[in-house]
Amino acid sequence: MPPRTKRRRKPRPRRTALPESLLLLRKAIAQVIKAQELERRMAPANMPDLTEREGEVLKAVLDDGEETLEVVAEDLHIHPRTLRNHIHTLCTKMRVRTLRGLIKAAVKAGWG
């Protein structure tokens, strides 16, 4: 039996230095990704995407905290029952049961 010869590996290609512009681009992309991850971690888990009208209703409820819902509805130029429907939808989206819970969650999320 003939003696075994060692297989020679192909030489690895040498890494060449990236141009400075690519290094800067890579660094900028890394910073953007890091900022997005941080923003995602800081965002409250129970703050869903709200429609424009839901945002208006939530802001009005928070701003007129001492007023009755009828007064808030009048300020928004909608019927009080429509306001209650909007509040119900907001509570469902934010997974809370009461108006008080909605206000607490909104303040915690930075709305108030």
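Caption draft 1: Region of interest: the pattern of salt bridges. Counting across every chain of the model gives three salt bridges. The residue E56 makes a salt bridge to R53 at a minimum N-O spacing of 2.6 Å. With E56 and R53 both in helix 2 (residues 52–63), this residue pair falls three residues apart, about one helical turn. According to the relative accessible area criterion, E56 is partly exposed, its value standing at 33%. The exposure class of R53 is partly exposed, given its relative accessible area of 28%. Residue E54 pairs with K93 through a salt bridge whose shortest N-O separation is 2.8 Å. In this pair, E54 is assigned in helix 2 and K93 in helix 4 (residues 80–94), connecting sequence segments 39 residues apart.

Caption draft 2: Seen up close, a negative patch on the surface. Together, E66, E67, E74 and D75 make up a negatively charged patch on the protein surface. Here E67 shows up in the loop between helix 2 and helix 3 (69–76). Relative accessible area serves as the criterion here: at 42%, E67 is assigned to the partly exposed category.

Caption draft 3: Local environment of the packing of helix 4 against helix 5 (residues 99–108). Two numbers describe how helix 4 lies on helix 5: the axes approach to 10 Å, and their chain directions differ by 60°. What the angle tells us is that helix 4 and helix 5 run oblique. Between helix 4 and helix 5 lies a crossing of left-handed hand. Residues I87, L90, C91 and M94 of helix 4 pack against L99, L102, A105 and A106 of helix 5.

Caption draft 4: Broad picture of the environment of G110. Positionally, G110 belongs in the segment after helix 5. Note: C-alpha distance between G110 and T92 (18 residues apart in sequence) is 19 Å.

Conventions adopted
- Residues numbered from 1 in each chain as written.
- Predicted model: local features only at pLDDT ≥ 70, side-chain atom pairs only at ≥ 80, totals over all residues.
- Heavy atoms only, no water.
- Salt bridge = Lys/Arg side-chain N within 4 Å of Asp/Glu carboxyl O.
- Helix = DSSP H or I, 4+ residues; strand = E, 2+ residues; numbered from the N terminus.
- Buried < 20%, exposed > 50% of the residue type's maximum accessible area, 1.4 Å probe, protein only.
- Patch = residues over 30% accessible without salt bridge, like charges linked within 9 Å, V, L, I, M, F, W, Y side chains within 5 Å.
- Areas by Shrake-Rupley, 256 points an atom, 1.4 Å probe, with all protein chains shown as cover.
- Lys, Arg positive; Asp, Glu negative; His and termini not counted.
- Charge placed at Lys NZ, Arg CZ, Asp CG, Glu CD.
- Axes fitted to C-alpha atoms, helices over the stretch in contact; angles between N-to-C directions.
- Parallel < 35°, antiparallel > 145°, perpendicular 65-115°, else oblique.
- Left-handed = near helix turned anticlockwise from the far one by under 90°.
- Contact = heavy atoms within 4.5 Å.

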